[in-house]
Amino acid sequence: VILETSVDDFTRGFIVGFNDSVAMQITAFEERMDARTDLTTKQKVVAKDDFRTSMMAIMGGVRDRTLKELKIAETFRAKLVEFYRSSFSEAELIELGKFYSTPLGKKFVQNQSKLQRFVQDFSKSLLDERFFRIVDEETKKNLTPQMKAY
């Protein structure tokens, strides 16, 4: 239960982070378009729509392929099992699942900072060349000819 909750939380956090990143990129592009004086209102609307559509396709593909190809959830689950096994005995893990207010629960809380560092380090390790290759491939596949002009 603890592992599944942690993996689910990590995966949700990964997806939320991606979605937030896309939203920020779209907003920044729309602001740049609004500031341009060489385009008509209609051209700006078309450009924003094209960019939004392209970004959703690109980043949706990147997000989905990253989760699948880099096996994030599976890798995280395996590393999490390794972390818990190195920090707690099997008997302790069973007790953890039952209650958190015992002395064992307090030990779990003490290990939370190590777990948080682990999650941060693991998240940073995802940004390797495979991730950037996926971004490049999705961009090439989904960027419309009109967007290349902007």
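Residues numbered from 1 in each chain as written. Predicted model: local features only at pLDDT ≥ 70, side-chain atom pairs only at ≥ 80, totals over all residues. Heavy atoms only, no water.

## Comments concerning the overall build of the protein chain
At step 1: For the protein chain, the count of helices and strands is seven helices and zero strands.
At step 2: For the protein chain, the C-alpha radius of gyration of 21 Å lies well beyond 15 Å, the compact-globule estimate for 150 residues.
At step 3: Taken along its principal axes, the extent of the C-alpha atoms in the protein chain is 70 × 25 × 20 Å.
At step 4: Relative to its full complement of 150 residues, the protein chain shows a buried share of 35%.
At step 5: For the protein chain, the exposed surface amounts to about 9600 Å²; the carbon and sulfur share of it is 57%. (Helix = DSSP H or I, 4+ residues; strand = E, 2+ residues; numbered from the N terminus. Rg over C-alpha atoms; globule rule 2.2 N^0.38 Å. Buried < 20%, exposed > 50% of the residue type's maximum accessible area, 1.4 Å probe, protein only. Areas by Shrake-Rupley, 256 points an atom, 1.4 Å probe, with all protein chains shown as cover.)

## A short note on the nonpolar core
At step 1: In this structure, Ile72 and Tyr84 are the most contacted members of the largest nonpolar core, which totals 33 residues.
At step 2: Listed by contribution, the elements that provide at least two residues to this core are helix H1 (2-35), helix H2 (41-69), helix H3 (72-87), helix H5 (103-125) and helix H6 (129-142).
At step 3: If one sorts the elements of this core by residue count, H1 sits on top with eight residues.
At step 4: Aside from chain neighbours lying at most four places away, what touches isoleucine 72 is Phe10, Phe14, Thr66, Leu67, Phe122 and Leu126. (Core = buried A, V, L, I, M, F, W, Y, C linked by side-chain atoms within 4.5 Å. Contact = heavy atoms within 4.5 Å.)

## Brief notes about the packing of aromatic side chains
At step 1: For the structure on display, the rule yields seven aromatic pairs.
At step 2: Centroid distance phenylalanine 83 to tyrosine 84: 5.6 Å. Interplanar angle 70°. Geometry classified as edge-to-face. Across the pair, tyrosine 84 and phenylalanine 83 agree in class, each one buried.
At step 3: Ring-pair connections join several aromatic residues into one group, and the members of that group are Phe76, Phe83, Tyr84, Phe88, Phe118 and Phe122. (Phe/Tyr/Trp six-rings, centres within 6.5 Å; stacked < 30°, edge-to-face > 60°.)

## Focus on the confidence of the model for the protein chain
At step 1: The predicted model of the protein chain averages 80 in pLDDT, with 91% of residues at 70 or higher.
At step 2: Across the protein chain, the secondary-structure element scoring lowest on mean pLDDT is helix H7 (residues 145-149), at 71, and the one scoring highest is H2, at 88. (pLDDT = per-residue confidence, 0-100.)

## A closer look at the side chain of glutamate 138
At step 1: Of note, glutamate 138 is situated in helix H6.
At step 2: Here the side chain of glutamate 138 touches lysine 141 through a polar contact of 3.2 Å, side chain to side chain. (Polar contact = N/O pair within 3.5 Å; in protein donor to acceptor, adjacent residues only side chain to side chain.)

## A closer look at the environment of leucine 126
At step 1: Locating leucine 126 in the fold gives a position in the loop between H5 and H6.
At step 2: For leucine 126, a relative accessible area of 11% gives the class buried.
At step 3: A sequence separation of 46 residues divides leucine 126 from leucine 80, and the C-alpha atoms of the two residues are 15 Å apart.

## Observations concerning H3
At step 1: When the terminal C-alpha atoms of H3 are compared, their 22 Å separation across 16 residues agrees well with the 22 Å that a helix rising 1.5 Å per residue should span.
At step 2: Taken residue by residue, H3 has Ile72, Ala73, Phe76, Leu80, Phe83, Tyr84 and Ser87 as its buried positions. Each buried residue of H3 lies within a common arc of 90° when the element is viewed along its axis, so the set occupies one face. Within H3, the exposed residues directed more than 90 degrees away from the buried face are Glu82, Arg85 and Ser86. (Expected span 1.5 Å × (residues − 1). Arc of directions from axis to C-beta.)

## Remarks on the pattern of salt bridges
At step 1: One pass over the structure, following the stated rule, counts eleven salt bridges.
At step 2: The partner of aspartate 64 in a salt bridge is arginine 63, and the shortest N-O contact between them spans 3.1 Å.
At step 3: Across the salt bridge formed by arginine 65 and glutamate 69, the nearest N and O atoms sit 2.6 Å from each other. With arginine 65 and glutamate 69 both in helix H2 and four residues apart, this pair spans about one turn of that helix. (Salt bridge = Lys/Arg side-chain N within 4 Å of Asp/Glu carboxyl O.)

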